[in-house]
Amino acid sequence: GGSEATRADLDTVRSATGFAAGGTPPFGHAGPVPVAADAALADTTLWIAAGTPTTVAPIGLGELLAASGALVAPLSHPG
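Cut-offs applied
- Residues numbered from 1 in each chain as written.
- Predicted model: local features only at pLDDT ≥ 70, side-chain atom pairs only at ≥ 80, totals over all residues.
- Heavy atoms only, no water.
- Helix = DSSP H or I, 4+ residues; strand = E, 2+ residues; numbered from the N terminus.
- Rg over C-alpha atoms; globule rule 2.2 N^0.38 Å.
- Polar contact = N/O pair within 3.5 Å; in protein donor to acceptor, adjacent residues only side chain to side chain.
- Contact = heavy atoms within 4.5 Å.
- Core = buried A, V, L, I, M, F, W, Y, C linked by side-chain atoms within 4.5 Å.
- Buried < 20%, exposed > 50% of the residue type's maximum accessible area, 1.4 Å probe, protein only.
- Pairing = 2+ DSSP bridges.
- 1 Å grid on protein atoms, 1.4 Å probe; cavity = no way out; pocket = protein on both sides within 12 Å on 5 of 7 lines; lining within 4 Å.
- Points joined across faces, edges and corners; volume = space filled by probe spheres on them.

## A short note on the overall build of the protein
Phase 1: Scanning the protein for helices and strands turns up 2 helices and 4 strands.
Phase 2: Counted from the first residue to the last, the protein has its helices and strands arranged as α-β-β-β-α-β.
Phase 3: Computed over its C-alpha atoms, the radius of gyration of the protein comes to 13 Å, within 12% of the 12 Å expected for a compact globule of 79 residues.
Phase 4: With the principal axes as the frame, the protein shows a C-alpha extent of 30 × 30 × 25 Å.

Here it is, written out as structure tokens:
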């Protein structure tokens, strides 16, 4: 129901997810955290943070949605 997304501050990220900002994966959080994904990413391999600021992992949009329960929302800016 929101109309915009904003970036959380570092303390909020760590408190809500259990991970440091920059290494926050889209699932496996310390508690429930809303996750959103843009449908415009459906035809590409996504690289998600994997728990540390220097670790990433490839994932498809379908896998991301299944693993995270993400809401599909138009997040990208046109042009």
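## Some words on the side chain of His29
Phase 1: When you line up the elements, His29 lands in the loop between helix H1 (10-17) and strand E1 (36-37).
Phase 2: One polar contact links the side chain of His29 to the main-chain carbonyl oxygen of Pro25, over a distance of 2.6 Å.
Phase 3: The contact partners of His29, leaving out residues within four places of it in the chain, are Ala16, Thr17, Phe19, Thr24 and Val35.

## Section: H1
Phase 1: Capping the start of H1, Asp9 holds a side-chain oxygen 3.1 Å from the backbone nitrogen of Asp11, two or three residues further along.
Phase 2: A positive backbone phi angle near 85° is found at Gly18, which sits one or two residues after H1.

## Notes on the nonpolar core
Phase 1: Core analysis: the largest hydrophobic core is formed by 8 residues, namely Val35, Ala37, Leu46, Ile48, Ile59, Leu61, Leu64 and Ala70.
Phase 2: Breaking this core down by element, the ones donating at least two residues are strand E2 (46-49) and helix H2 (61-68).
Phase 3: Once residues within four sequence positions are removed from consideration, Leu61 is found in contact with Ala37, Asp38, Ala39, Leu41, Ala42 and Leu46.

## Examining the environment of Gly31
Phase 1: With respect to the helices and strands, Gly31 occurs in the loop between H1 and E1.
Phase 2: Since its relative accessible area comes to 27%, Gly31 is described here as partly exposed.
Phase 3: For the pair formed by Gly31 and Gly18, sequence separation is 13 residues and the distance between their alpha carbons is 8.3 Å.

## Considering the pairing of strand E3 (residues 56-59)
Each regular strand carries side chains that alternate between the two faces of the sheet.
Phase 1: Alignment of E2 against E3, held across 4 bridges, turns out to be antiparallel. Within E3, the position partnered with Ala49 by the bridge is Val56.

## Points about the layout of surface pockets
Phase 1: Quantified by volume, the largest pocket comes out at close to 1200 Å³.
Phase 2: What lines the largest pocket is a set of 31 residues, among which Ala5, Thr6, Pro34, Val35 and Ala36 lie closest to the centre.
Phase 3: Contributing elements (two or more residues each) for the lining of the largest pocket: H1 and E2.
Phase 4: No other element matches the 5 residues that H1 contributes to the lining of the largest pocket.

## Notes on the environment of Val33
Phase 1: If you trace the backbone, Val33 turns up in the loop between H1 and E1.
Phase 2: With sequence-adjacent residues up to four places away left out, Val33 is seen in contact with Ala16 and Thr17.

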